[in-house]
Each structure stands twice: as structure tokens, then as C-alpha cells.
Amino acid sequence: MSDVLMQGRAAPSLGRNSGSGVPQPPIRAAANPGGPTDGDDGRSGTAIITRTKPKTKRPSLYRVLLLNDDYTPMEFVVHVVEKFFNKSQEDAYQIMMHVHQNGVGECGIFTYEVAETKVTQVMDFARKHQHPLQCVMEKK
Ligand code: TYC
């Protein structure tokens, strides 16, 4: 697929025609100037510039958060953070303590589907062990 970037006369380019007062011919932006496939309508000097490089878009990112509660054992939360967020025991302990003291804390940042999977895995694991631990995701 090629996106239409511009229609009509070519956009003014910097450094050209600047202050000289000399009229310049229209800018043409075709690989095959004058040929049948350059997008020129053959009447008005207009052209369509098409993109050759695929346009990439960065995906939206989501924080995965743990919420504090009064019942889930600290060791269980540390284990969860190690197991599902690939943290060292030291980092997992710090994250657990942050959640314990602040009510909420970030375990990682992921694209939508990965974040959703982490939340489901943590919630299923907590439920299986009958702990009320809550895990949520939040758009950055
Ligand atoms: N507050 C819990 C306790 O004192 C520990 C805990 C930490 C629970 C983090 C959940 O996400 C949590 N046992």
C-alpha cells in the first residue's frame, strides 16, 4: 500500500527560490518524469507523490501494576514478580515493598497484548493459590 503524501504542486523546499525573485519551474517529484505513471494528470501540472518506504508506527505501551492488599503474603508477591516479570529476587523484593508501602507499583511496561497476558497470568496464579492479589494494566 502506498500513502498519498501530497497533492497539487510540490511543497516549497528550503533553500530554493529564497529571495532571488527569479521565477522557478514547478517541482516535479516523479521517478519517471513525464512518463505515464508519474501521477501527473497531464493538464494542470499536479502530481501525486507516493511513499516508497513503509511507514512504521510505534505501538502504545501499557504499565502492568500490582495493587496492595492486607492478606497476600509478601513472599508470594516476590515470587510472582520474579516468575512473571523476570525480575531478580532483589528487584522483586523492592517492587513488593514499594507496593506494600505505596498501595500500587509498576512491574513492567509492555505492548497491549503482552500486558494483558501478564495481568491474566498473575490473576490466575493468585486465584489458584487463594490470594486476593490484584494486577492491572494502565495505558502510559
Ligand atoms: N501488604 C501485604 C502484606 O502485608 C503484602 C503485599 C505486597 C500484598 C504487595 C500485595 O501487591 C502486594 N502481607
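Please read these numbers as outputs of a predicted model, since none were measured by experiment.

K.L.:
Requested: an account of the overall build of the protein chain, with residues and values cited.
P.N.:
From N to C terminus, the protein chain includes 3 helices and 5 strands. The order of α-helices and β-strands along the protein chain, N terminus first, is β-β-β-α-α-β-α-β. Out of the 140 residues in the protein chain, the part that is buried amounts to 24%. Taken as a whole, the protein chain presents about 10,200 Å² of accessible surface, with 51% of it coming from carbon and sulfur.

K.L.:
So what's going on with the side chain of Thr 72? Residues and values would help.
P.N.:
Within the secondary structure, Thr 72 is located in the loop between β3 (61-67) and α1 (74-85). Separated by 3.2 Å, the side chain of Thr 72 and the backbone nitrogen of Leu 133 make a polar contact. With near-sequence residues (within four places) excluded, Thr 72 lies in contact with Val 77, His 131, Pro 132 and Leu 133.

K.L.:
Now, about the site of the ligand: what can you tell me, with residues and values included?
P.N.:
Close to the ligand lie Leu 66, Leu 67, Asn 68, Asp 69, Thr 72, Met 74, Val 77, Met 96, Val 99, His 100 and Leu 133. Contact between the ligand and Asn 68: a nitrogen atom at 2.7 Å from a side-chain N or O atom of the residue. A distance of 2.9 Å is found between a nitrogen atom of the ligand and a backbone nitrogen or oxygen belonging to Thr 72. Here the ligand loses 89% of its free accessible area of 350 Å² to cover by the protein chains. In terms of residues, the shell around the ligand owes the most to one element, helix α2 (residues 89-102), which gives 3 residues.

K.L.:
Any details on helix α3 (residues 112-128)? Residues and values, ideally.
P.N.:
Taking 1.5 Å of rise per residue, the 17 residues of α3 would be expected to cover 24 Å, and the 24 Å separating its terminal C-alpha atoms lies within 8% of that figure. Of the surrounding elements, those touching the buried residues of α3 are β3, α1, β4 (104-111) and β5 (134-139). Of the residues flanking the end of α3, it is Gln 130, one or two places downstream, whose phi is positive at about 60°.

K.L.:
Any details on the packing of aromatic side chains? Residues and values, ideally.
P.N.:
Per the stated rule, a full pass over the model turns up 4 aromatic pairs. The interplanar angle of 80° and the centroid separation of 5.2 Å between the aromatic rings of Tyr 62 and Tyr 112 together place this pair among those described as edge-to-face. Of this pair, Tyr 62 sits in strand β3 while Tyr 112 sits in helix α3, and the two are 50 residues apart along the sequence. Three or more aromatic residues joined by ring pairs make a cluster, and in this case those are Phe 76, Phe 84 and Phe 125.

K.L.:
Could you give an account of the sheet that holds β4, naming the residues involved and the relevant values?
P.N.:
The sheet built from 3 strands is open, its strands ordered β4-β3-β5 with antiparallel pairing. What marks the edges here is a single partner per strand, and that holds for β4 and β5. When the angles between neighbouring strand axes are averaged without regard to direction, this sheet yields 30°. Pairing analysis gives 6 bridges linking β3 to β5, with the strands arranged antiparallel. Within β5, the position partnered with Tyr 62 by the bridge is Lys 139.

Reading the values: the criteria
- Residues numbered from 1 in each chain as written.
- Predicted model: local features only at pLDDT ≥ 70, side-chain atom pairs only at ≥ 80, totals over all residues.
- Heavy atoms only, no water.
- Helix = DSSP H or I, 4+ residues; strand = E, 2+ residues; numbered from the N terminus.
- Buried < 20%, exposed > 50% of the residue type's maximum accessible area, 1.4 Å probe, protein only.
- Areas by Shrake-Rupley, 256 points an atom, 1.4 Å probe, with all protein chains shown as cover.
- Polar contact = N/O pair within 3.5 Å; in protein donor to acceptor, adjacent residues only side chain to side chain.
- Contact = heavy atoms within 4.5 Å.
- Near = heavy atom within 4 Å.
- Expected span 1.5 Å × (residues − 1).
- Phe/Tyr/Trp six-rings, centres within 6.5 Å; stacked < 30°, edge-to-face > 60°.
- Pairing = 2+ DSSP bridges.
- Axes fitted to C-alpha atoms, helices over the stretch in contact; angles between N-to-C directions.

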